[in-house]
Amino acid sequence: MAFLCQRDSYAREFVTTVVSCQPAELQTDGSNGKKEALSGFHVVLEDTLLFPEGGGQPDDRGTINDISVLRVTRRGAQADHFTQTPLAPGSQVQVQVDWERRFDHMQQHSGQHLITAVADNLFGLKTTSWELGRHRSVIELDSPSVTAEQVATIEQCVNEKIRDRLPVSVQELSLDDPEVEKVRGRGLPDDHAGPIRVVTIEGVDSNMCCGTHVNNLSDLQVIKILGTEKGKKNKTNLIFLAGNRVLKWMERSHGTEKALTTLLKCGAEDHVEAVKKLQNSSKLLQKNNLNLLRDLAVHIAHCLRNSPDWGGVVVLHRKEGDSEFMNIIANEIGSEETLLFLTVGDEKGAGLFLLAGPAEAVETLGPRVAEVLEGKGAGKKGRFQGKATKMNRRAEVQALLQDYVSTQSAEE
């Protein structure tokens, strides 16, 4: 027997009986990115309104007697509901589904069936898998490429069928029913139990499926195909939105359009041209800035070289600059017997550093400099450079370098 959620996808609440309640753990994503085990219980009900994950569709969320159900998984002919509060076997409970999540999944899943059938009927594009994602859904097509014209035709056709208000029905067949052979499908799971569910879009498609669906294509509202991308092993991923997700996408897009209109001070039809002009101006400014920075680096190098304080350890910090800026200074100065410690970036935060000088000294001191600045780097041939997180410890580095030079001078 199919679950209530499969017999009536539009049901939002009902009363049933608890069959069993066993201690269990749920693996969740922790705040630190690592898996964490959540202690709780697996509750089995006589029937369920909450769909267990399967067929490319995520599981439902909802409550049992106002107790949150955090995961629903299928185990043979039954569903395990994970809760953090136990429920007494034999007790009657009220089950409610998170309807917004459920209806969204119904729209995306029925939308996938429709797109899959139309793509196959029009162009022989077979679906090999699909994923119902949190923000978009992806259908994997068994083709190395799908043209923009094909995508446009598929989108137009599926939306015509939505406007035709074609009914969607669910039928249960036994395994030995000869009609099963006529139904499209990618095979049954190894632990399948009970009848085979067949979802039919009138005049379009019949497909084996365990998921929840709308009962009329009009409930899909609209389908938008966002485009395609290269998939695995000569396949193509087709990305789409159905129903309320299209409306939310349009709302976000409209918000972005209004913001750009304010920032760019032009109508939406001129946004692309305005951004192109800004990009060209930015490239020109970056080029001019780079040339000025190079000239400045050469000037700074000559000033340092001619300074009365030249020799031993030379330190310079500048907020603006990059690795090239520091290397130009080092190139202009030359290593000789002087240790040159250059830094750019936030004086109290993160930035870049370069240590230049005699190869043996740099090889010894470079890793120690990185350690003091709580950064990392690498070097060769009298140069050691990298990234630092603690620029406010530059004075410690300077003391380290001066101690080294003093020790070397004393030994000589």
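Residues numbered from 1 in each chain as written. Predicted model: local features only at pLDDT ≥ 70, side-chain atom pairs only at ≥ 80, totals over all residues. Heavy atoms only, no water.

## What about the overall build of the chain?
Secondary structure summary: the chain contains eight helices and 19 strands in total. In summary, the chain has a C-alpha radius of gyration of 33 Å against a globular reference of 22 Å for 412 residues, an excess of more than 25%. Oriented by its inertia axes, the alpha-carbon framework of the chain measures out at about 95 × 55 × 40 Å. Buried positions account for 41% of the 412 residues belonging to the chain. Counted over contacts in the chain with a minimum sequence separation of 6, partners at least 24 positions apart contribute 64%. With an accessible surface of roughly 22,800 Å², the chain has 49% of that area assigned to carbon and sulfur atoms. (Helix = DSSP H or I, 4+ residues; strand = E, 2+ residues; numbered from the N terminus. Rg over C-alpha atoms; globule rule 2.2 N^0.38 Å. Buried < 20%, exposed > 50% of the residue type's maximum accessible area, 1.4 Å probe, protein only. Contact = heavy atoms within 4.5 Å. Areas by Shrake-Rupley, 256 points an atom, 1.4 Å probe, with all protein chains shown as cover.)

## Let's talk about unusual backbone geometry
Unlike most non-glycine residues, Arg165 shows phi in positive territory, near 55°. Within the secondary structure layout, Arg165 lies in the loop between α3 (148-163) and β10 (168-173). The class for Arg165 is exposed, based on a relative accessible area of 52%. With a phi angle near 50°, Lys381 is a residue other than glycine that sits in the positive phi range. With respect to the secondary-structure elements, Lys381 resides in the loop between β18 (376-380) and β19 (383-388). In this structure Lys381 comes out as exposed when scored by relative accessible area, which is 80%.

## What about the pattern of salt bridges?
Applying the stated criterion across every chain, the model contains 16 salt bridges. Between Asp59 and Arg71 there is a salt bridge, with the nearest N and O atoms lying 3.9 Å from each other. Placement of Asp59 in the loop between β2 (35-45) and β3 (62-64) and of Arg71 in strand β5 (residues 71-75) is noted, with a sequence separation of 12 residues between them. On the basis of relative accessibility, which here comes to 3%, the residue Asp59 falls in the buried class. One salt bridge connects Lys126 with Asp120, and the closest N-O pair in it is separated by 3.0 Å. Taken together, the salt bridges that share partners define one network made up of Asp59, Arg61, Arg71 and Arg101. (Salt bridge = Lys/Arg side-chain N within 4 Å of Asp/Glu carboxyl O.)

## A short note on the pairing of strand β1 (residues 13-29)
By the bridge criterion, five bridges tie β1 to strand β7 (residues 92-97) in an arrangement that is antiparallel. Paired with Thr17 across the two strands is Gln92, which belongs to β7. When β1 meets β2, the two strands line up antiparallel, connected through 11 bridges. Counted as the bridge partner of Leu26 is Leu38 from β2. (Pairing = 2+ DSSP bridges.)

## With respect to the sheet that holds strand β12 (residues 205-208)
A sheet is described by the order of its strands in space; here three strands give the open sequence β10-β11-β12, paired in antiparallel fashion. Of all the strands in the sheet, just β10 and β12 have a single pairing partner and so form its edges. Averaged over all pairs of adjacent strands, the angle between strand axes in this sheet comes to 25°, irrespective of strand direction. Both strand β11 (residues 196-201) and β12 contribute to a ladder of four bridges, which runs antiparallel. Residue Ile201 lies in a different strand from β12, and its bridge partner there is Asp205. (Axes fitted to C-alpha atoms, helices over the stretch in contact; angles between N-to-C directions.)

## Comments concerning the sheet that holds β3
Strand order in the open sheet formed by seven strands is β4-β3-β7-β1-β2-β6-β5, and the pairing between neighbours is antiparallel. Two strands lie at the open edges of the sheet, namely β4 (67-69) and β5, each paired on one side alone. The average angle at which neighbouring strand axes cross in this sheet is 35°, direction not considered.

## Notes on the environment of Asn216
Within the secondary structure, Asn216 is located in the loop between β12 and β13 (223-230). Asn216 sits in the buried class, given a relative accessible area of 14%. The spatial distance from the C-alpha of Asn216 to the C-alpha of Gln92 is 33 Å, given a sequence separation of 124 residues. Excluding residues that lie within four positions of it along the chain, Asn216 makes contacts with Tyr10, Arg165, Leu166, Pro167 and Val168.

## Considerations on the nonpolar core
Grouped together as the largest cluster of nonpolar side chains are 54 residues, with contacts concentrated most on Val95, Leu114, Ile115, Ile154, Leu217, Ile223 and Phe240. With eight residues, the top contributor of residues to this core is helix α2 (residues 99-123). Residues from two domains meet in this core; each of domain 1 (4-97) and domain 2 (103-252) gives at least three. Membership of the second largest hydrophobic core comes to 19 residues, among which are Val313, Val362, Val372 and Phe384. (Core = buried A, V, L, I, M, F, W, Y, C linked by side-chain atoms within 4.5 Å. Domains from an automatic or database assignment.)

## Re a negative patch on the surface
Together, Glu257, Glu269, Asp270 and Glu273 make up a region of like negative charge exposed at the surface. Examined against the element boundaries, Glu257 turns out to sit in helix α4 (residues 244-264). (Patch = residues over 30% accessible without salt bridge, like charges linked within 9 Å, V, L, I, M, F, W, Y side chains within 5 Å. Lys, Arg positive; Asp, Glu negative; His and termini not counted. Charge placed at Lys NZ, Arg CZ, Asp CG, Glu CD.)

## A few points about the UniProt feature "coiled-coil region" (unreviewed entry) in the chain
The feature "coiled-coil region" (unreviewed entry), as annotated in UniProt, sits at residues 268-295 in this numbering. As annotated, residues 268-295 comprises 89% helix and 0% strand, and the C-alpha atoms at either end are separated by 41 Å. (UniProt positions renumbered as here; feature names shortened; annotations may be inferred.)

## As for the packing of aromatic side chains
Following the criterion strictly, the structure yields three aromatic pairs and no others. Residues Tyr10 and Trp99 carry aromatic rings whose centres are separated by 6.2 Å and whose planes lie at 40° to one another, so their mutual orientation is tilted. Here Tyr10 is found in the loop between α1 (4-7) and β1, whereas its partner Trp99 is found in helix α2, with 89 residues between them in sequence. Taking the relative accessible area as the measure of exposure, Tyr10 reaches 26% and is therefore partly exposed. Feature note: the residues Tyr10, Trp99 and Phe103 constitute an aromatic cluster, connected by ring pairs. (Phe/Tyr/Trp six-rings, centres within 6.5 Å; stacked < 30°, edge-to-face > 60°.)

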